[in-house]
Number of protein chains: 2
Amino acid sequence: MSQHRHPGVPGRAGAVPALPDLPEATVARLPEYLRALHNLADTGYETVSSEGLSAAAGVNSAKLRKDLSHLGSYGTRGVGYDVALLIEQIENVLGLTQRRAVALVGVGNLGHALAGYDGFAGRGFRIAALLDADPSRVGEEINGLVVRHVDDLPTVAAEESLAIGVIATPAAAAQQVADQLVAVGVTSILNFAPCVLSVPEGVDVRKVDLAIELQILSFHEHRKASLTALPATGGSALTALPGGFAATDTQEAIGT
Amino acid sequence: MSQHRHPGVPGRAGAVPALPDLPEATVARLPEYLRALHNLADTGYETVSSEGLSAAAGVNSAKLRKDLSHLGSYGTRGVGYDVALLIEQIENVLGLTQRRAVALVGVGNLGHALAGYDGFAGRGFRIAALLDADPSRVGEEINGLVVRHVDDLPTVAAEESLAIGVIATPAAAAQQVADQLVAVGVTSILNFAPCVLSVPEGVDVRKVDLAIELQILSFHEHRKASLTALPATGGSALTALPGGFAATDTQEAIGT
DNA sequence: AGGCGCTTGTGAAGACGTGCACAAATCGCG
DNA sequence: CGCGATTTGTGCACGTCTTCACAAGCGCCT
């Protein structure tokens, strides 16, 4: 992500559609806000305060206000934010106005699950193609889509403009698939394979790894166990539970 | 995580097994190092330099050294790190020496895939139970395990000590399941449902959300498109590709 | 034994993210 | 019309994370 921005870049800045250059941490939270906003809209809310929205999204209210302030001033002091307007603005910034075509490579265990996931269509994405390297899987129909061979990628890419590639193959195949995706012009990859991908500059890769998440949890579990096993030396680590439950954030995410 | 550490806490410090109190960012990267180390070990490496390991894990070498220095000094200057020793130390810190029991709730599309995922057994975890609220799913056998009703959780927890709960239910059911998990003593939850969970203090929640990852990628895609549509005003955003490919990190995230 | 090249471990500086606390702005009511 | 209640937007301070650059340490070769 070597994206610099010169403080006072001259030229006709302002003619451009804003291009807000948001902090990465903010970008990572916007989808969460968006989901909370959709929930609120479905429940009939027309406006919402930063306090209310932040609670629904599980973050600090000051953080939420600062995040939203980066998109511009879409709130009204003393009132709150217009739900519909804010949804529109966030979708705008995230580029969800156009339905992006996703190519899913690897229709094994996980691939099947992803192909059946309705979160794709629900939020601005459309599975454009299912691909696999295993000839015995080619031709299979999943959720109305026929699995094609991964070597057909160029053909698929020619048929429609692929925006995002999802890799759900075994680790051994992932790098080769990534290369093929990059070769047909894909510049964003979501990698479910447990391995590091090498891609040229300008291509974004995000990784989702179940084992890593479990191991991080394991660490905290381990630490909690060590603490309770200890006599109460010093600070009250595990203080009495407060009356109400509080939404935790447990740092980002994924994220990284 | 409200974990303080008094600089010079007296008492019999040192009797305790170190309890390193690692930075969260470091913890999130350790599993990646661990995987890279296992790969190296399988390939016959006995030692590895920070440069080599960092390349395999897709991070900066200085970052890797600082991360490892938090665990103690397990490297040899002029030589590198002993692969086997480092694996042992990291597994130690992450608490992977004991095989932790995982309860998986929700055996729908995604739950099936997770139940069949071999990354569990591979790295210190064991699926102890499959649970679902749908009576028509109860009794089904997946991968050698029989699906039980989620209300049997207390019984399951009594049979063996559950360390981690994985929620793969629809969003509407997730909070209730989380409450049930917490009620039987689970203090670490991995949530695949697209919603925010409220849990008492002391319970860790990590979230994995496909739609969020896609939307983050969408943002970058959107931004790249805006940039290339622009004339070359100012900085060379998309510079010429360098000769070789470089491993990107794109933060974690999982977190990220 | 001594010197040389390589690699770790870390101090320091800077970038980034977070949260408090408050001024500015808006609405509703008397 | 003015006032108070409410809520946004943000300046500031603080903590965390990253990166550079280099001293300290280790092994090998002569």
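Quick caveat: nothing in here was measured; it's all calculated off a predicted structure. (Residues numbered from 1 in each chain as written. Chains lettered and ligands numbered in written order. Predicted model: local features only at pLDDT ≥ 70, side-chain atom pairs only at ≥ 80, totals over all residues. Heavy atoms only, no water.)

A. Broad picture of the pattern of salt bridges. This structure, assessed with the given rule, holds 20 salt bridges over all chains. In this structure, Glu159 of chain A and Arg148 of chain A form a salt bridge, with 3.3 Å as the shortest nitrogen-oxygen distance. Here Arg148 of chain A lies in strand β7 (residues 145-149) and Glu159 of chain A lies in helix α7 (residues 153-159), a separation of 11 residues in the sequence. Among the ionic contacts, a cluster of salt bridges with common partners joins Glu32 and Arg35 of chain A together with Lys207 and Asp209 of chain B. (Salt bridge = Lys/Arg side-chain N within 4 Å of Asp/Glu carboxyl O. Helix = DSSP H or I, 4+ residues; strand = E, 2+ residues; numbered from the N terminus.)

B. Inspection of the environment of Leu197 of chain B at higher detail. Residues and elements named next belong to chain B. Its place among the elements puts Leu197 in the loop between β9 (188-191) and β10 (198-199). By relative accessible area, Leu197 is classed as buried at 3%. Considering only alpha carbons, one finds Leu197 and Gln176, 21 residues apart in sequence, at a separation of 9.3 Å. (Buried < 20%, exposed > 50% of the residue type's maximum accessible area, 1.4 Å probe, protein only.)

C. Expanded view of the pairing of strand β9 (residues 188-191) of chain A. Residues and elements named next belong to chain A. Of the two faces of β9, the one holding Ser188 and Leu190 and the one holding Ile189 and Asn191 are both buried throughout. Sheet analysis places strand β8 (residues 162-167) next to β9, joined by three bridges and oriented parallel. Bridged to Gly165 within β9 is Ile189. Traced from β8 through helix α8 (residues 171-183) to β9, the parallel crossover comes out right-handed. Two elements, β9 and strand β11 (residues 204-207), share four bridges in a ladder whose sense is parallel. Bridged to Asn191 within β11 is Lys207. (Pairing = 2+ DSSP bridges. Right-handed = clockwise from strand over helix to strand, strands pointing away.)

D. Geometry of the packing of helix α1 (residues 24-42) of chain B against helix α3 (residues 61-69) of chain B. Residue and element names in this part refer to chain B. Relative to each other, α1 and α3 sit at 105°, their axes nearing to 10 Å. Between α1 and α3, the interaxial angle falls into the category roughly perpendicular. Residues Thr26, Arg29 and Tyr33 of α1 pack against Lys63, Leu64, Asp67 and Leu68 of α3. For the contact of α1 with α3, the residue count by class is three nonpolar, one polar and three charged. (Axes fitted to C-alpha atoms, helices over the stretch in contact; angles between N-to-C directions. Parallel < 35°, antiparallel > 145°, perpendicular 65-115°, else oblique. Contact = heavy atoms within 4.5 Å. Nonpolar A, V, L, I, M, F, W, Y, C, P; charged D, E, K, R; others polar.)

E. Here's a closer look at the sheet that holds strand β3 (residues 80-82) of chain A. Residue and element names in this part refer to chain A. Read across the open sheet, the three strands follow the order β1-β3-β2; overall the sheet is antiparallel. Since the sheet does not close on itself, it has two edges, and those belong to β1 (47-48) and β2 (75-76), each with one partner. Bridge count between β2 and β3: two bridges; the pairing is antiparallel. In the strand pairing of β3, Thr76 is matched with Gly80.

F. Up close: the side chain of Thr169 of chain A. Relative to the elements of secondary structure, Thr169 of chain A occurs in the loop between β8 and α8. You can call Thr169 of chain A buried: its relative accessible area is 12%.

G. Just the protein's contact with DNA strand D, in detail. Neighbouring DNA strand D are 27 residues, the closest being Ser50, Arg65, Lys66 and Tyr81 of chain A together with Arg29 of chain B. When atoms of DNA strand D within 4 Å of the protein are split into backbone and base, the sugar-phosphate part holds 65%. Within the side chain of Ser73 of chain A, one N or O atom sits 3.5 Å away from a phosphate oxygen of DNA strand D. Within the side chain of Arg77 of chain B, one N or O atom sits 3.0 Å away from a base nitrogen of DNA strand D. Counting residues per element, the ones that place at least two in the surface near DNA strand D are α3 (61-69), β2 and β3 of chain A together with α1 and α3 of chain B. Of all the elements, α3 of chain B adds the most residues to the surface near DNA strand D, at four residues. Tallied by class, the residues present in the surface near DNA strand D amount to seven nonpolar, 11 polar and nine charged. (Near = heavy atom within 4 Å. Polar contact = N/O pair within 3.5 Å; in protein donor to acceptor, adjacent residues only side chain to side chain.)

H. Geometry of the nonpolar core. Core analysis: the largest hydrophobic core is formed by 95 residues, its most contacted members being Ile90 of chain A together with Ile90 of chain B. Non-local contacts of Ile90 of chain A, meaning those with residues more than four positions away in its chain, are made with Leu30, Tyr33, Leu34, Leu37, Leu68 and Leu71 of chain A. (Core = buried A, V, L, I, M, F, W, Y, C linked by side-chain atoms within 4.5 Å.)

I. View of the environment of Val156 of chain A. Residue and element names in this part refer to chain A. Here Val156 is to be found in helix α7. Taking the relative accessible area as the measure of exposure, Val156 reaches 1% and is therefore buried. Between the alpha carbons of Val156 and Leu131 there is a distance of 9.8 Å; along the sequence they are 25 residues apart.

J. Structural view of the protein's contact with DNA strand C. Not every one of the 26 residues close to DNA strand C is listed here, only the nearest: Lys66 and Arg77 of chain A together with Ser50, Arg65 and Tyr81 of chain B. Restricting the count to atoms of DNA strand C within 4 Å of the protein gives a sugar and phosphate share of 65%. In the environment of DNA strand C, a phosphate oxygen lies 3.4 Å from a nitrogen or oxygen atom belonging to the side chain of Lys63 of chain A. Within the side chain of Arg77 of chain A, an N or O atom sits 3.0 Å from a base nitrogen of DNA strand C. Among the elements of the structure, α1 (24-42) and α3 of chain A together with α3, β2 (75-76) and β3 (80-82) of chain B are those that each provide at least two residues to the surface near DNA strand C. Per element, the largest residue contribution to the surface near DNA strand C is four residues, and it comes from α3 of chain A.

K. Summary view of the UniProt feature "DNA-binding region" (unreviewed entry) in chain A. UniProt's feature table lists "DNA-binding region" (unreviewed entry) at residues 32-71 of chain A, given in the numbering used throughout. Note that residues 32-71 of chain A is 70% helix and 5% strand, and that its end C-alpha atoms are spaced 15 Å apart. (UniProt positions renumbered as here; feature names shortened; annotations may be inferred.)

L. Geometry of the sheet that holds strand β1 (residues 47-48) of chain B. Residues and elements named next belong to chain B. Strand order in the open sheet formed by three strands is β1-β3-β2, with antiparallel pairing between adjacent strands. The sheet is open, and its two borders are formed by β1 and β2, each paired with just one other strand. Sitting on the sheet, helix α4 (residues 83-94) is in contact with β1 and β3, with an inclination near 70° to β3.

M. Geometry of unusual backbone geometry. All names here are of chain A. Even without glycine at this site, Asn143 takes up a positive phi of about 55°. You can see Asn143 is positioned in the loop between β6 (141-142) and β7. For Asn143, a relative accessible area of 62% corresponds to the exposed category.

N. Representation of the packing of aromatic side chains within the structure. What the rule picks out here adds up to two aromatic pairs over all chains. Ring centres of Tyr117 of chain A and Phe120 of chain A lie 6.1 Å apart, and the angle between their planes is 75°; this geometry places the pair in the edge-to-face category. (Phe/Tyr/Trp six-rings, centres within 6.5 Å; stacked < 30°, edge-to-face > 60°.)

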